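What follows is each chain in one-letter form.
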Amino acid sequence: MKPSPHEKSLRAPAQYLPPEVPHPSGRCAGILFDAEKHEYRLGDVLLPSVTEIIRANVSGWNAGLWFLQRGQRVHEAIHLLLENKLDWETVDPRIFARINAIEKLRSDLQLTLVVTEFRLFSRHLLFAGTLDAVICSGDELILCDWKSSLDPVALEPQLGGYSLLWSENFRAKQLQRVVGAELHDDGTYKLWWGSRQPKRDVAQFNLNDAEKLFLHMHAVAGWKRKHNQQKETANV
């Protein structure tokens, strides 16, 4: 196993975490997740996911099977890497450089891990999602999403949705910045930042606007589901 140069600093100091956040990462109580179907359930209620809501609004935001499988392998490897459990000898050579890009990103920005692959749901808005990672930079928490291909049209509301989930569950520690990281086959990366103060932070988009956009998308996706259910009932 290749040792990580950050082995001793993978976890953020506990004083930087909201008291509600498990340390190390945990899972959201009360919600059931079917990984095969990618479904979230709260009791008998099927909750739409953040990605499902975005997909209902952004045409063409569907990857082919090979890209989906590659993305899943990349996410699994990153999760193990951030948890300091990755055996580099088991990493598919086709995604090796993308995992190295995460090592470079972590070194460049001096990041430490708070939680990874963290599932949350909203009791108020009835949707759910899995955050790729929340990291700590200094005393600031930053939400991260890993991408093989970065499309701002979909990424910005997606990060807005995840930010809403975090804010509802951890009100004491609102996120001020979020970032999408596009990982490349040459081991480099590209960042797309969102901030509540984009001019001050030189960010590409306003996180407050992204949250509002996601709420509109959530409403539209809900209307489409209801309309489709009515059509199915009428055709029975």
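See the structure printed just above.
Keep in mind that this is a model prediction, so the values were computed, not measured.

Conventions used here
Every chain begins its residue count from 1, and numbering advances along the sequence as written. Only residues with pLDDT of 70 or above have their local features reported here, since the model is predicted, and side-chain atom pairs are shown and tallied only from 80 upward, although totals for entire chains, interfaces and linings are computed over all residues. The basis for every side-chain value is the complete set of non-hydrogen atoms in the structure, without hydrogens or water. Here, any two strands with at least 2 DSSP bridges between them count as paired. Runs of E in the DSSP output that reach at least two residues are strands. Runs of H or I that reach at least four are helices, and both are numbered from the N terminus. Angular values range over 0 to 180 degrees, each being the angle between N-to-C directions of two axes fitted as lines to C-alpha atoms, with helices fitted over their stretch in contact. For this analysis, a nonpolar core means a set of buried residues of the types Ala, Val, Leu, Ile, Met, Phe, Trp, Tyr and Cys, connected via side-chain atoms within 4.5 Å. Think of it in three bands: with a 1.4 Å probe and only protein chains considered, a residue is buried below 20% of the maximum accessible area for its type, exposed above 50%, and partly exposed in between. Throughout, a contact is declared for two residues whenever any of their heavy atoms are within 4.5 Å. Salt bridge, as applied in this entry: a Lys or Arg side-chain nitrogen positioned within 4 Å of an Asp or Glu carboxyl oxygen.

1. Looking at the sheet that holds strand E1 (residues 32-34)
Neighbouring strands of a sheet are bound in pairs by backbone hydrogen bonds; such pairs are parallel or else antiparallel. Overall, antiparallel pairing links the 3 strands, which are arranged E1-E2-E3 in an open sheet. For this open sheet the edge positions go to E1 and strand E3 (45-47), each flanked by a neighbour on one side alone. Across the sheet, the mean angle from the axis of one strand to that of its neighbour is 30°, orientation sign disregarded. The pairing of E1 with strand E2 (residues 39-42) spans 3 bridges and is antiparallel. Residue pairing for E2: Phe33 is matched across the bridge by Tyr40.

2. Quick look at the nonpolar core
Core analysis: the biggest nonpolar cluster contains 32 residues, and Leu131, Val134, Leu143 and Trp166 have the highest contact counts within it. Of all the secondary structure elements, the ones that give two or more residues to this core are helix H1 (50-55), strand E4 (112-122), strand E5 (127-137), strand E6 (140-147), helix H4 (152-169) and helix H6 (207-235). It is H4 that contributes the most residues to this core, 7 residues altogether. Counting 27 residues, the second largest nonpolar core, distinct from the first, contains Leu81, Trp88, Ala181 and Leu183.

3. Describing the sheet that holds strand E7 (residues 177-183)
Strand order across the open sheet formed by 6 strands is E4-E5-E6-E7-E8-E9, with mixed pairing between neighbours. The strands lining the two open edges of the sheet, one partner per strand, are E4 and strand E9 (205-206). Here helix H3 (residues 96-109) sits on the sheet in contact with E5, E6, E7 and strand E8 (189-195), set at roughly 55° to E8.

4. Description of the side chain of Ser167
One can find Ser167 in helix H4. Classification of Ser167 by relative accessible area gives buried; the value is 16%. Here Ser167 is in contact with Gln174, Arg196 and Glu211, once residues within four sequence places are set aside.

5. Some words on the pattern of salt bridges
Summed over all chains, the structure comprises 10 salt bridges. Notably, a salt bridge pairs Asp92 with Arg73, separated by 3.7 Å at the nearest N-O pair. With a gap of 19 residues between them, Asp92 in the loop between helix H2 (65-82) and H3 and Arg73 in helix H2 connect regions that are remote in the sequence. A residue is classified by how much of its surface remains accessible, and Arg73, at 27% relative accessible area, is partly exposed. Connected via shared salt-bridge partners are Arg73, Asp92 and Arg94.

6. Details of the pairing of E4
Remark: a regular strand shows side chains that alternate across the two faces of the sheet. Among the 11 residues in E4, 10 count as buried, and that is most of the element. Judged from the 9 bridges that link them, E4 and E5 form a sheet pairing that is antiparallel. Pairing of Arg119 across the sheet is with Thr130, part of E5. Once E4 ends, the chain turns through 4 residues before running back antiparallel as E5, passing Leu126 with a positive phi of about 55°.

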